[in-house]
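# Residue-level structure breakdown
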Amino acid sequence: MIDIRRDGLVCVKECPDFKRTVADKVDGNTYCVPNCDSNALYDPVTLMCVERCTEYAPYESIKDGVKICDNVCPAYYTADKKCVDVCAPELVKFYNNKAYCGDCPAGTSISASNPFQCVADV
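Every value quoted in this text rests on a predicted model; they were computed, and no experiment measured them. (Residues numbered from 1 in each chain as written. Predicted model: local features only at pLDDT ≥ 70, side-chain atom pairs only at ≥ 80, totals over all residues. Heavy atoms only, no water.)

What follows deals with the pattern of salt bridges. Pairs can form between side chains of opposite charge once their charged atoms are near each other. Overall, the coordinates contain 4 salt bridges when judged by the stated rule. Linking Glu60 and Lys82 is a salt bridge whose minimum nitrogen-to-oxygen distance equals 3.6 Å. A residue pair is termed long-range when its members are at least 10 positions apart, and Glu60 in strand β7 (residues 59-63) and Lys82 in the loop between β9 (76-77) and β10 (83-84) qualify at 22 residues. What makes Lys82 partly exposed here is its relative accessible area of 34%. A salt bridge links Lys63 to Asp70; the nearest nitrogen and oxygen atoms lie 2.5 Å apart. Owing to a relative accessible area of 8%, Lys63 belongs among the buried residues under this scheme. For Asp70, a relative accessible area of 8% gives the class buried. Each of Asp3, Arg5 and Lys19 takes part in salt bridges that share partners, so that together they form one network. (Salt bridge = Lys/Arg side-chain N within 4 Å of Asp/Glu carboxyl O. Helix = DSSP H or I, 4+ residues; strand = E, 2+ residues; numbered from the N terminus. Buried < 20%, exposed > 50% of the residue type's maximum accessible area, 1.4 Å probe, protein only.)

As structure tokens, then:
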């Protein structure tokens, strides 16, 4: 397991009592993260519990029951930047080279040449 600390990453056999174990599907590692309040998210950039994610880790993900800000979603993301594992096939689009789930975001529309691509309105 990897404990994320202000002075760097440290390998540990088990997480401290005030932290939870979270497995990351993207990189395959297991991390120790702080226990945040039920409405808060853990931000791995600032190493703090926050109310909403920042531009550096903009996606809200749930890993092992812990709400985390992430810089990438393992599967799809929605208009409100939440990571989801499943998306109805008719809702899958690609936007900014990422798998997007839902209607195209505001300011974008379906590409004339590709019905699964959201492009910026001109």
